[in-house]
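# Coordinates in review
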Amino acid sequence: MKLYQVTLNSIDSVKKFVDVTTVLRCDIDVLSGRYVVDGKSIMALFSIDLNRPVTVRVHDDEEGELFQKNVAPFLTVKEVQEDPEKA
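Now for a look at the structure at hand. (Residues numbered from 1 in each chain as written. Predicted model: local features only at pLDDT ≥ 70, side-chain atom pairs only at ≥ 80, totals over all residues. Heavy atoms only, no water.)

Evaluation of the coordinates by the stated rule reveals two aromatic pairs. Pairing Y4 with F67 gives two aromatic rings, centres 5.3 Å apart and planes at 45 degrees, and the pair type is tilted. Separated by 63 residues along the polypeptide, Y4 in strand β1 (residues 2–6) and F67 in helix α3 (residues 61–70) bring together distant segments of the chain. On the accessibility criterion, Y4 (0% relative accessible area) is buried. (Phe/Tyr/Trp six-rings, centres within 6.5 Å; stacked < 30°, edge-to-face > 60°. Helix = DSSP H or I, 4+ residues; strand = E, 2+ residues; numbered from the N terminus. Buried < 20%, exposed > 50% of the residue type's maximum accessible area, 1.4 Å probe, protein only.)

Here's what the structure looks like:
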């Protein structure tokens with residue numbers, strides 16, 4: 001499992017993010033505060049606060065590498081070290 005911090009501050013960035021995540025085979029969670037939503041759902045993403053960076057959890061290390069490469073423009077922090085759910 002890999003964690004990343006991304007900024008999705010426009011409708012276009014959310015659309016591009018979902019385009020990237022929907023082609024991945026693994027589950028992708030987006031964490032915003034105490035909320036966790038499906039990172040492949042545009043409706044779910046618009047239901048959370050996108051005024052701040054969000055944490056993205058990619059549930060497969062190999063897919064995480066592909067995810068990181070494809071969403072590079074949105075990355076705030078390349079990789080988060082600690083899983084916020086375990087903290």
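Counted according to the given criterion, the structure contains six salt bridges. Residue E63 pairs with R25 through a salt bridge whose shortest N-O separation is 3.0 Å. Remark: R25 occurs in the loop between α1 (11–22) and β2 (28–32) and E63 occurs in helix α3; sequence separation between them is 38 residues. Residue R25 is classed as exposed on the basis of its relative accessible area of 68%. R57 is the partner of D29 in a salt bridge, and the nearest nitrogen-oxygen pair spans 3.1 Å. Pair noted here: D29 is in strand β2 and R57 is in strand β4 (residues 54–58), with a separation of 28 residues, a long-range link. Like D29, the residue R57 is buried in the burial classification. (Salt bridge = Lys/Arg side-chain N within 4 Å of Asp/Glu carboxyl O.)

A word on the pairing of β2. With five of five residues buried, β2 lies mostly within the body of the structure. Where burial is concerned, the two faces of β2 agree: the one with I28, V30 and S32 and the one with D29 and L31 are both buried. With four bridges connecting them, β2 and β4 associate as antiparallel partners. Bridging across to β4, L31 finds its partner in T55. In terms of strand pairing, β2 meets strand β3 (residues 35–38) through four bridges, oriented antiparallel. If you follow V30 over to β3, its bridge partner there is V37. (Pairing = 2+ DSSP bridges.)

The next thing to look at is the environment of S13. For S13, the location among the structural elements is in helix α1. Spatially, the C-alpha atoms of S13 and V71 are 9.5 Å apart, while their sequence positions differ by 58 residues. Dropping the residues within four chain positions of it, S13 is found in contact with L8 and F74. At a separation of 2.8 Å, a polar atom in the side chain of S13 contacts the main-chain carbonyl oxygen of S10. (Contact = heavy atoms within 4.5 Å. Polar contact = N/O pair within 3.5 Å; in protein donor to acceptor, adjacent residues only side chain to side chain.)

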